[in-house]
Amino acid sequence: MVQPNSQTLLLLPGDGIGPEVTAEARRVAEIVAPDLALEDGLLGGASYDAHGEPMTAATLARAKECDAILMGAVGGPKWDNVPRDKRPEAGLLGMRKGLDVYANLRPAYCFPALAAASALRTELVEGLDILIVRELTSGVYFGQPKMIETVGGERRAVDTQSYTTGEIRRVAARAFELARGRKRTSGKFPGVLSCEKSNVMETGVLWREEVTRLHKEQYSDVRLDHMLADAAAMHLVKAPKDINVLLADNLFGDILSDEASMLTGSIGMLPSASLGEPGVPGLYEPVHGSAPDIAGKGLANPCAAILSLEMALRWSLNRPEAADRVWKAVDAALSSGARTADLGGNLTTRQMTDAILKHL
Ligand code: IPM
Ligand code: MG
């Protein structure tokens, strides 16, 4: 067991609003976990500018030695013309793959104070608490071949969606385990809702078969439902409270989690945790991107970054009390009316954090 006082959190602020929101999460960490060693590193465009690589081998090696990694966001128009393998996003994908953090937890929780800020009617989202479990290190993001070629005078692009049984089973196991800890009695899908396109994709067929098999073998106490991913997209806006744990592959999980974020008031609220096998440091990041349009203006909502820290305290650093403090402080700040622009308010990034710190 690692002693709390020897724990290290690696901060990778990245690009755009990443540095602004990570700086606020750092302020919170310094208060709730003063003994935690905080280190800084470069990822994404920031790393490309400094080293010509969006992620260096040294950064990955350091990340593997830390207890958790808190990332901000990567990308921006500045790097639009950089070759794809050097783009900021390649650094993020390299970090996910390098750590093999295959289970991406994306909670879509509607804080009571924000129910009216949702894109949906208040009664549809009041009490909403969905956990999306997205496969993160395989699928069409990484499948080979992946290329643009010229055939018969025209260009042709290829992406490959590929999944092995092992890749499906390990992320599905996480989803089932998480559902066990999130007992639900209400809603149409109180256990795991597994989403794919088994009507048109072979990977969807294998996904459904393997999830079903694993469920029979080890998790028959958890309710399992299946839904085609397009229908799930619809259900998310029709009756989102029906859903407890939503399991999806890398691409569908990416899309469905952005959709789910709007149910909670703002994508600026959503944290995420990417977990691998025990002993592997978790990678924590806001679901929002680098938002270059508002970068440097102090407009960004720091909540997603601060709640990502909360998840790191809970899932990697084994500090549930500190995590609870952070959670309650965010909830209290929102209840007292603190809002950044994305939530319809006028607080700056720093003022929003100040409002949270007041409740710590
Ligand atoms: C996310 C983002 C990333 C993804 C991008 C920045 C590569 O959209 O984390 O959801 O597609 O995974
Ligand atoms: Mg995304």
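Residues numbered from 1 in each chain as written. Chains lettered and ligands numbered in written order. Predicted model: local features only at pLDDT ≥ 70, side-chain atom pairs only at ≥ 80, totals over all residues. Heavy atoms only, no water.

Here we come to the domain arrangement of the chain. One frequent convention defines the size of an interface as the accessible area lost when the parts assemble. Taken domain by domain, the chain holds domain 1 (1-102 + 276-360) and domain 2 (103-266). The C-alpha-based centres of domain 1 and domain 2 are spaced at 23 Å. Between domain 1 and domain 2, the residue contacts involve 21 residues of the former and 24 residues of the latter. Between domain 1 and domain 2, a total of about 2100 Å² is buried, with carbon and sulfur atoms accounting for 64% of that surface. By the criterion of area lost to domain 2, the three top residues of domain 1 are Arg96, Tyr102 and Val287, representing 32% of everything that side buries. Here domain 1 is connected to domain 2 by 1 salt bridge. Among the salt bridges present, the one from Asp100 reaches Arg170, with a minimum N-O distance of 2.9 Å. Run the count over domain 1 and domain 2 and you get 6 residue pairs in polar contact (both at pLDDT 80 or more). Every element with two or more residues in the side of domain 1 that touches domain 2 is listed here: helix H4 (88-99), helix H10 (303-315) and helix H11 (320-335). It is H11 that contributes the most residues to the side of domain 1 that touches domain 2, 5 residues altogether. (Domains from an automatic or database assignment. Contact = heavy atoms within 4.5 Å. Buried area = accessible area lost by both parts, 1.4 Å probe. Salt bridge = Lys/Arg side-chain N within 4 Å of Asp/Glu carboxyl O. Polar contact = N/O pair within 3.5 Å; in protein donor to acceptor, adjacent residues only side chain to side chain. Helix = DSSP H or I, 4+ residues; strand = E, 2+ residues; numbered from the N terminus.)

The subject of this paragraph is the pattern of salt bridges. Following the criterion strictly, the structure yields 26 salt bridges and no others. A salt bridge links Lys146 to Asp159; its shortest N-O distance comes to 2.8 Å. Linking Lys146 in strand S6 (residues 143-151) with Asp159 in strand S7 (residues 154-160), this pair joins segments that are 13 residues apart in sequence. One salt bridge in this structure joins Asp230 and Lys197, with 3.4 Å as the shortest N-O distance. In this pair, Asp230 sits in helix H8 (residues 229-238) while Lys197 sits in the loop between strand S8 (189-196) and helix H7 (202-218), placing the two residues 33 residues apart along the sequence. Accessibility expressed as a relative area gives 16% for Lys197, which makes it buried. (Buried < 20%, exposed > 50% of the residue type's maximum accessible area, 1.4 Å probe, protein only.)

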